[in-house]
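Fold and contact review
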Amino acid sequence: MPDPYQIVCVNTEHPHRHIIRVGTGHGSGLAERLWSVEEVRRALDENNAFFTVSPSTNRIAYVHVDDCPEPGCTVQTIQTYPDAVPDNNLDNLRECNW
Ligand SMILES: [Zn+2]
């Protein structure tokens, strides 16, 4: 398996905070590569891994493909597994500034 990518920032859109872009980098918090959520989903399908790191506990959470949980919404997105601690949940990462 290739090296996993660390997600350091996200961009979301209304109304359900869908993740539309992520930035990956190497722990410094600086994003080196911009991915659309479609690119991340394709990479996950090809056995690449993406993870986040909690700033408070250094716990790692891996990311999986997911659909928006809001009823009636069919947007395809990505999410961390539910055991993620709150500050490494994708929804709580900083905003990417490109
Ligand atoms: Zn939605």
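Quick look at the structure, then. (Residues numbered from 1 in each chain as written. Predicted model: local features only at pLDDT ≥ 70, side-chain atom pairs only at ≥ 80, totals over all residues. Heavy atoms only, no water.)

1. A few points about the environment of V8
Its location among the elements puts V8 in strand 1 (residues 5-13). On the accessibility criterion, V8 (10% relative accessible area) is buried. Not counting residues within four places of it along the chain, the set of residues in contact with V8 comprises G23, T24, G25, G29, L30, A31, L93 and R94. (Helix = DSSP H or I, 4+ residues; strand = E, 2+ residues; numbered from the N terminus. Buried < 20%, exposed > 50% of the residue type's maximum accessible area, 1.4 Å probe, protein only. Contact = heavy atoms within 4.5 Å.)

2. So, the state of the cysteines
Simply put, disulfide is the name for a covalent bond between the sulfur atoms of two cysteines. Applying the stated rule across the entire model yields one disulfide. What pairs with C9 in a disulfide is C96, and their sulfur atoms sit 2.1 Å apart. Across the disulfide from C9 to C96, rotation about the S-S bond amounts to roughly 95°, and the bridge is consequently right-handed. Remark: C96 occurs in the segment after strand 7 (94-95) and C9 occurs in strand 1; sequence separation between them is 87 residues. An identical accessibility class is assigned to C9 and C96; each is buried. (Disulfide = S-S within 2.5 Å.)

These results come straight from atomic positions and should not be treated as a statement about function.
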